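Geometric and topological summary
Here are the chains, one letter per residue:
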Amino acid sequence: MKKIHIIGLGLLGGSFALALKKVFPDWEITGFDNDPDHMAMALEMGLVSRKLEVPEEDTDAVILATPVDTLLGLLGKTLEQVGPNTLIMDFGSTKGQLCRQMATHPKRNQYLAVHPIAGTENSGPGAATGNLFDGKVLIICEMEKTDIHLKGLAYDIFEAVNMKLRFMDPGDHDLHLAFVSHLSHVSSFVLGKTVLDKTKDEKNIFDMAGSGFASTVRLAKSSPAMWAPIFLENKENVLEAMDSYIKHLSQFRSMIAEENVDGLNHEMLEANKIRDILDIKE
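A brief structural summary. The model shown is predicted, which means the values in this text are computed figures rather than measured ones. (Residues numbered from 1 in each chain as written. Predicted model: local features only at pLDDT ≥ 70, side-chain atom pairs only at ≥ 80, totals over all residues. Heavy atoms only, no water.)

Moving on to the pairing of strand S8 (residues 164-168). Bridging between strand S7 (residues 137-141) and S8 involves 5 bridges; their strand directions are parallel. Its bridge partner lying in S8, Cys141 is registered against Met168. A crossover links S7 with its parallel partner S8, the connecting element being helix H5 (residues 148-160), and its sense is right-handed. (Pairing = 2+ DSSP bridges. Helix = DSSP H or I, 4+ residues; strand = E, 2+ residues; numbered from the N terminus. Right-handed = clockwise from strand over helix to strand, strands pointing away.)

This is the structure in structure tokens:
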């Protein structure tokens, strides 16, 4: 029987607990969450069998699923608490700074930097679902720095919950995620705020909101406590992505103002190409 400990029992941590319970019903899964209500709910839902503030020394693996601004301190502290045969993995959405600062840690070989490309706009243990990770991509950074036996355990776990493994440099990971994930959340938050500001004058505006608006603004329901630290941790890449987005938005605005039909058609046809890319990805 393996012992797995999960710190942070929200959407990701809770869903990972459910996925593990499905494929490894005889494993013991313990956990901890700083939010007392989340902790109580996780126990009530059976996400974890016990509340442990500190993982036991013989724990096989510890999953850190907390906001990115907590991970560096939590990772260092957790490595000091566990024995030499325990693997520590974090689910953070940024990897560059964490990997740089862990580079010289004496227990660096017990750490594996991973990022599951999975999630919803919902948060907390009540949002957890057992199939959240099924068929999703898992990015692994600096795999060569992790002990081969501990890495083997991680691979067994991720294969069992049916994840597709991809390997990336931490810097490339953060740059790419700024464009395909972090910018999407910025856009959704700003769109939501823009429309909410308008509703101060136009009380019935949401009566005209269709599925297009709902799908575009869906990410604005995401947790600020999770996303504000991500934007700041990946500030340089997020700002680069935003600058590019603002440039294209300004060009699009100019074409509308100038009634440049050919230009608008060209820009939208170019954007349509994203369909082919997403179809291949899926």
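Attention now goes to the pattern of salt bridges. Inspection of every chain in the model, using the stated rule, returns 12 salt bridges. Of the charged contacts in the structure, one is a salt bridge between Lys3 and Glu56, with a shortest N-O distance of 2.9 Å. One end of the pair, Lys3, is in strand S1 (residues 3-7); the other, Glu56, is in the loop between strand S3 (50-51) and strand S4 (61-64), with 53 residues separating them in the sequence. A relative accessible area of 19% means that Lys3 is categorised as buried. A single network of salt bridges, built from pairs that share partners, joins Lys3, Glu28, Arg50, Glu56 and Asp58. (Salt bridge = Lys/Arg side-chain N within 4 Å of Asp/Glu carboxyl O. Buried < 20%, exposed > 50% of the residue type's maximum accessible area, 1.4 Å probe, protein only.)

This next bit is on the layout of surface pockets. Its volume calculated, the second largest pocket comes out at about 160 Å³. Surrounding the second largest pocket, Thr94, Gly96, Gln97, Arg100, Gly171, Asp174, Glu233, Asn234, Lys235, Glu236 and Asn237 form its lining. (1 Å grid on protein atoms, 1.4 Å probe; cavity = no way out; pocket = protein on both sides within 12 Å on 5 of 7 lines; lining within 4 Å. Points joined across faces, edges and corners; volume = space filled by probe spheres on them.)

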